[in-house]
Every structure is written in C-alpha cells, then in structure tokens.
Amino acid sequence: DPAQRRVRELAALSKWLQQVHPNVLAKVLKQGTLYQDEEIVAINKPYGLPVHGGPGIKNCIADVLPILAKMLENMKAEPLHLCHRLDKETTGVMVLARNKEVAEKIRLLFKTRQVEKIYWAIILGDPDPAEGIVEIPIVEKEVQSHQSHYKMTLAPNYRLSPEDGKVVKIRKNRNAESAVTRYCRLASSSACSLLELQPITGVKHQIRVHLAYGLGCPILGDHKYSHWSKLAPQKLPEITLKRLKLEQSKARHLPLHLHAYRLSLPLGQQIDLVCKPPLFFQKTLKKLDLDVAKE
C-alpha cells in the first residue's frame, strides 16, 4: 500500500537522520540550501530532525553547524550560528548566521517581531470563520492521566458564563504567555483544509495549540495535540482515511503536516526566503484534493 509505505519511509528517514555520520547529515543540509550571502545561510530543515540535542538524540542541526560551514565555504569558515528554532517534526525555512554579531541581530529581530513568518498546515476540519486571528495566551501544564505528561495549552482571559452566556473576564494566569496567530484558509476538501498561518508571537507549539484547542482543527499528523487527556494517535474522518488510502490503525505513523513556508528578514534590504513543502506534504495535498489554485 503506497500510503502506508510512504508513512513508513518517513519514519525510517527520521531514524536514519539520527544515525548517519555527522558529515552525511551536513551534506543533506547543504543540498537543502535555499539562500546564502556574507551574513546568513538559509536551509530547508528536513522532517524529523531536531534542532538541539537532548536525551536519546544522536544527531541534531546544532551539532553539525561547524561541518556545514566548512562545506559551504572553505576550511577556515567559522561555525554557523542558530538564530531561531523549529520543532523536530516541522519542515521548511531555517536561518543560520555566519557570525555571532549577525546571529544576535537576527535573534533580536525575531524577539521584537520584525520577522514575518508564514507557515502552511494541513488541518482536520474547516476553521470557522475561514480566516481570522486567534489571540489566546498559552501555558504549559501537566496532564493527569494514566500516563502523566506535559503539554502546552490555552489559558484564556475570558470565558462564557454558563448562566447567561455572557463573556466573563477570568483572573490572568501569571505563567501564561500571550500568543497571537493569524490564519487564512487556502483550500478545503476531504474533511481537511490547507491553511496559511502567520504566528505574530513565538510561543512553544503555538500554532499547534491554537489550531487544535482554539479552532478545534488539529494539524494532520499531530498526535500530541489531537487529544487533551491522553497520548494517542489522531482519529481521522472516514473520507480522509479513504483519500489517504490509510487504515485508522496505521494513523499513528502519519507525519505532522506543518511547514515553514516563508520568512521575511529586514536585514538592510528585505530578504524573502521561500521553501516549497516537502514531497510527503505535496502528495497529501494531491490525495486530499487540496488545490490552492481552485479557491
């Protein structure tokens, strides 16, 4: 079955990236170079590759930056520097700086929200309204279930009163971070939609949480945020399974369909970095008949 095979291939690729020699990994990143000048290098981050190391992580982008710098430049190149992060499962545009000063400058641009970030996501369902802004603070909480774990979740400042349905202000959660995400539906079909997203803030897992808990439309393949109280594979609608030629029992292998599509950096002049979605994402769009040109 081609869909299941593709899902298995992605899992295998992610595993392979974790086990290859760092030189091989640097070569993969070099092949995915989108742009370079004397200040920055933009790469296409592959699926399943963590940006930072941690327990059980053998390979990550941070570790191979010195090798990548040498491959791109010459033997004397100083290591590249990280300027921002993407989740392990997220693909797309990632900016690296050629020196510390530039890295600091770009980090500040991110912090002061001067970098325009555009993501694409395939989601379950159809957002209502079709475009808008989700502005709900986010906080990390421990989920008490048979398997205790931590998740980011919404910490709204308002709720609807059960008595009369009026909007009531809630006391602010001190630990919550303000989070704002713009979204716009580009296409919808097969019980799914393709969204263009612009996170105005940069809270951990912000897009995933705002879509799943704010709009009730989790990202396809987001098994972490499709349920609140448990860690379980995402439940997919019949038509989606049919179009993807996938059985529900195999849904847990479905990758997260979240892609960093574009970054605009004001570095002297405006630098526009665009990266088309990976093959698996494009194939899913085709199978679900999500045609951007149609709408």
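Computed from a prediction, not measured in an experiment: that's the story for all the values here.

A. Focus on helix H1 (residues 2-19). If you check H1, its first and last C-alpha atoms are 25 Å apart, about what 18 residues at 1.5 Å a residue would give, namely 26 Å. Ala3, Gln4, Arg6, Val7, Leu10, Ser14, Leu17 and Gln18 are the residues of H1 that are buried. Close packing links the buried residues of H1 with helix H2 (22-31), helix H6 (238-244) and helix H7 (279-287).

B. Looking closely at the domain arrangement of the protein chain. Domain boundaries assigned for the protein chain yield domain 1 (1-112) and domain 2 (114-265). Taken together, the contact between domain 1 and domain 2 spans 20 residues of the former and 22 residues of the latter. Interface area for domain 1 against domain 2, summed over the two sides, is near 1,800 Å², with a carbon-plus-sulfur share of 64%. At the boundary of domain 1 and domain 2, one finds 1 salt bridge. A salt bridge links aspartate 87 to arginine 208; the nearest nitrogen and oxygen atoms lie 3.2 Å apart. Across the domain 1-domain 2 interface, the total number found is 8 residue pairs in polar contact (both at pLDDT 80 or more). Listing elements by their share of the side of domain 1 that touches domain 2, those giving two or more residues are H1, strand S4 (91-97) and helix H4 (100-111). Broken down by class, the residue content of the side of domain 1 that touches domain 2 amounts to 11 nonpolar, 6 polar and 3 charged.

C. Structural view of the side chain of threonine 153. For threonine 153, the position within the fold is in strand S8 (residues 149-154). For threonine 153, a relative accessible area of 10% translates into the label buried. Setting aside residues no more than four positions away along its own chain, threonine 153 makes contact with Pro137, Ile138, Val139, Lys141, Val209, Tyr213 and Trp228.

D. Examining the packing of H2 against helix H3 (residues 61-72) more closely. In contact at an axis separation of 8 Å, H2 and H3 are set at 70 degrees when each is read in the N-to-C sense. Put simply, H2 runs roughly perpendicular to H3. For the pair H2 and H3, the sense of crossing is right-handed. Every residue of H3 that contacts H2 at Pro22, Asn23, Leu25, Ala26, Lys27, Leu29 and Lys30 is listed here: Ile61, Val64, Ile67, Leu68, Met71 and Leu72.

E. View of the pattern of salt bridges. Following the criterion strictly, the structure yields 10 salt bridges and no others. The salt bridge partner of arginine 107 is glutamate 104, with a shortest N-O separation of 2.9 Å. Here arginine 107 and its partner glutamate 104 are both found in helix H4, 3 residues apart, which amounts to about one turn of the helix. The class of arginine 107 is partly exposed, set by a relative accessible area of 32%. Between lysine 204 and glutamate 140 there is a salt bridge, with the nearest N and O atoms lying 3.7 Å from each other. Taken together, the residues lysine 204 in the loop between strand S12 (192-199) and helix H5 (206-214) and glutamate 140 in strand S7 (residues 138-143) connect sequence positions 64 residues apart. The partly exposed category is assigned to glutamate 140, whose relative accessible area is 43%.

F. Spatial organisation of the side chain of asparagine 157. Along the chain, asparagine 157 turns up in the loop between S8 and strand S9 (158-160). The contact partners of asparagine 157, leaving out residues within four places of it in the chain, are Pro137, Val168, Lys169, Ile170 and Lys172.

G. Region of the structure containing a nonpolar patch on the surface. A cluster of nonpolar side chains, Leu13, Trp16 and Val24, forms an exposed patch at the surface whose accessible area comes to about 240 Å². Here valine 24 lies in helix H2. Judged by relative accessible area, valine 24 falls into the partly exposed class, the value being 34%.

H. Inspection of the pairing of S12 at higher detail. The element S12 is extensively covered by neighbouring structure, given that 7 of its 8 residues are classed as buried. Bridge count between strand S5 (residues 116-124) and S12: 6 bridges; the pairing is antiparallel. Along S12, the bridge assignment pairs tryptophan 120 with glutamate 196. Across 8 bridges, the pairing between strand S11 (residues 180-189) and S12 is antiparallel. Its bridge partner lying in S12, arginine 182 is registered against glutamine 198. Between S11 and S12, which pair antiparallel one after the other, the connecting turn spans 2 residues, and serine 190 there sits at a positive phi close to 55 degrees.

About the cut-offs
- Residues numbered from 1 in each chain as written.
- Predicted model: local features only at pLDDT ≥ 70, side-chain atom pairs only at ≥ 80, totals over all residues.
- Heavy atoms only, no water.
- Helix = DSSP H or I, 4+ residues; strand = E, 2+ residues; numbered from the N terminus.
- Expected span 1.5 Å × (residues − 1).
- Buried < 20%, exposed > 50% of the residue type's maximum accessible area, 1.4 Å probe, protein only.
- Contact = heavy atoms within 4.5 Å.
- Domains from an automatic or database assignment.
- Buried area = accessible area lost by both parts, 1.4 Å probe.
- Salt bridge = Lys/Arg side-chain N within 4 Å of Asp/Glu carboxyl O.
- Polar contact = N/O pair within 3.5 Å; in protein donor to acceptor, adjacent residues only side chain to side chain.
- Nonpolar A, V, L, I, M, F, W, Y, C, P; charged D, E, K, R; others polar.
- Axes fitted to C-alpha atoms, helices over the stretch in contact; angles between N-to-C directions.
- Parallel < 35°, antiparallel > 145°, perpendicular 65-115°, else oblique.
- Left-handed = near helix turned anticlockwise from the far one by under 90°.
- Patch = residues over 30% accessible without salt bridge, like charges linked within 9 Å, V, L, I, M, F, W, Y side chains within 5 Å.
- Areas by Shrake-Rupley, 256 points an atom, 1.4 Å probe, with all protein chains shown as cover.
- Pairing = 2+ DSSP bridges.

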